[in-house]
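Structure assessment
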Amino acid sequence: MSTEEKVASHYTHGSLGSTILGGLTASGKDIDHLSVDDLAGIDEFHLGRREATVEFAKDLELLDGMRLIDVGSGLGGSARYIGSTYGCIVTGIDLTDEFVNVANDLTARCGMAMQVSFHQGSALALPLPDESFDRATLIHVGMNIEDKAALFAEVRRVLKRGGRFGLYEIMQVRDGTLPYPMPWAMTAETSFVCSPATYRQLLKKAGFTVEFEQDRSALAIRMAQEMRASAANGGQALSLGALMGPTAAERMGNISASVGGGLVAPIEMIAKAG
């Protein structure tokens, strides 16, 4: 299999949609009439979850009616939040068919299908025309993409001049060996974690200027602590652990230890297309 096929296989659950809907039903939700907030606990596969998305979106200078592309959109939580909060028209692209299908189904159940949509595709060959978006986002995706130069070139191609590209990525901030399995990869074979300096260099080469950068480790650590406390007190019926399978505890433990130990960090960057 190619690297992209291996990555898609890693994220494929097999019965993701029914698992999510079953958990929502058990929580007392009306699955035919969901809200963005109903899904906040399970539809964002990144450190800091919904709170991180809220803070990230504030830095994108979003306006009603803007067109935004979310590269590596997963289950669509961030895209739906941005669409509902800021009035943006959002297009999500993801490698994994199951994520795309579930994201579109959940979006329809939120009554947002005319505003937010998801399509299967590669971040290295976006199936979209040149200069068709005002904003672009990349949230915990680059760890699975080796050729970040090609990734950033593609984002620049579809983004209008002066548009902003927001990245919220796990980056390696000191020397050391990452423990596996991680949430995004079971082994180092499909893991391509880079330093902030590498991101800055490749963004510049692709025609971007980094205007803002922030380490969001404190937020991620606090949210992880709150999630563990909630789970210990019999919190929500459906968790990311249930979606990630039997290795969830080890994978989440490894990323928590790596962030807590200062080996990696969730870094936000906002770059402007020149």
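Structure shown above.
Residues numbered from 1 in each chain as written. Predicted model: local features only at pLDDT ≥ 70, side-chain atom pairs only at ≥ 80, totals over all residues. Heavy atoms only, no water.

Describing the overall build of the protein
On a plain count of helices and strands, the protein comes out with 10 helices and seven strands. Compactness check: the protein gives a C-alpha radius of gyration of 17 Å against a globular reference of 19 Å for 274 residues, within 12% of the reference. Overall, the C-alpha framework of the protein stretches about 50 × 45 × 35 Å when taken along its three principal axes. Burial status across the protein gives 51% buried among its 274 residues. Sequence-distant contacts in the protein: of pairs separated by 6 or more residues, those separated by 24 or more amount to 80%. (Helix = DSSP H or I, 4+ residues; strand = E, 2+ residues; numbered from the N terminus. Rg over C-alpha atoms; globule rule 2.2 N^0.38 Å. Buried < 20%, exposed > 50% of the residue type's maximum accessible area, 1.4 Å probe, protein only. Contact = heavy atoms within 4.5 Å.)

Points about the environment of Arg50
For Arg50, the location among the structural elements is in helix α3 (residues 49-58). Among residues more than four places away in sequence, those in contact with Arg50 are Val36, Asp37, Ala40, Glu44, Gly77 and Tyr81.

Brief notes about the nonpolar core
Grouped together as the largest cluster of nonpolar side chains are 49 residues, with contacts concentrated most on Ile20, Ile82, Trp184 and Ile255. Examining the composition of this core, we find that five residues originate from one element, helix α5 (residues 97-109), more than from any other. Core analysis: the second largest hydrophobic core is formed by 29 residues, Leu128, Val141, Leu159 and Met171 among them. (Core = buried A, V, L, I, M, F, W, Y, C linked by side-chain atoms within 4.5 Å.)

Considerations on helix α4 (residues 77-86)
With seven of 10 residues buried, α4 lies mostly within the body of the structure. For α4, the full list of buried residues reads Gly77, Ser78, Ala79, Arg80, Tyr81, Ile82 and Gly83. Count one or two residues on from α4 and you reach Gly87, which has phi positive near 75 degrees.

Considerations on the pattern of salt bridges
In a structure, side chains of opposite charge can pair up when their charged atoms sit close to one another. Following the criterion strictly, the structure yields 17 salt bridges and no others. Among the ionic pairs, Glu189 bridges to Lys6, the shortest N-O distance being 2.4 Å. One end of the pair, Glu189, is in the loop between β5 (159-172) and α7 (196-205); the other, Lys6, is in helix α1 (residues 3-11), and 183 residues separate them in sequence. A relative accessible area of 49% means that Glu189 is categorised as partly exposed. On the accessibility criterion, Lys6 (28% relative accessible area) is partly exposed. Between Asp59 and Arg216 there is a salt bridge whose closest N-O contact spans 3.2 Å. Within this pair, whereas Asp59 is found in the loop between α3 and β1 (67-71), its partner Arg216 is found in the loop between β6 (208-215) and α8 (217-232), the two being separated by 157 residues in sequence. Each of Asp32, Asp105 and Arg109 takes part in a single network of salt bridges with overlapping partners. (Salt bridge = Lys/Arg side-chain N within 4 Å of Asp/Glu carboxyl O.)

These values are about where atoms sit, not about what they do.
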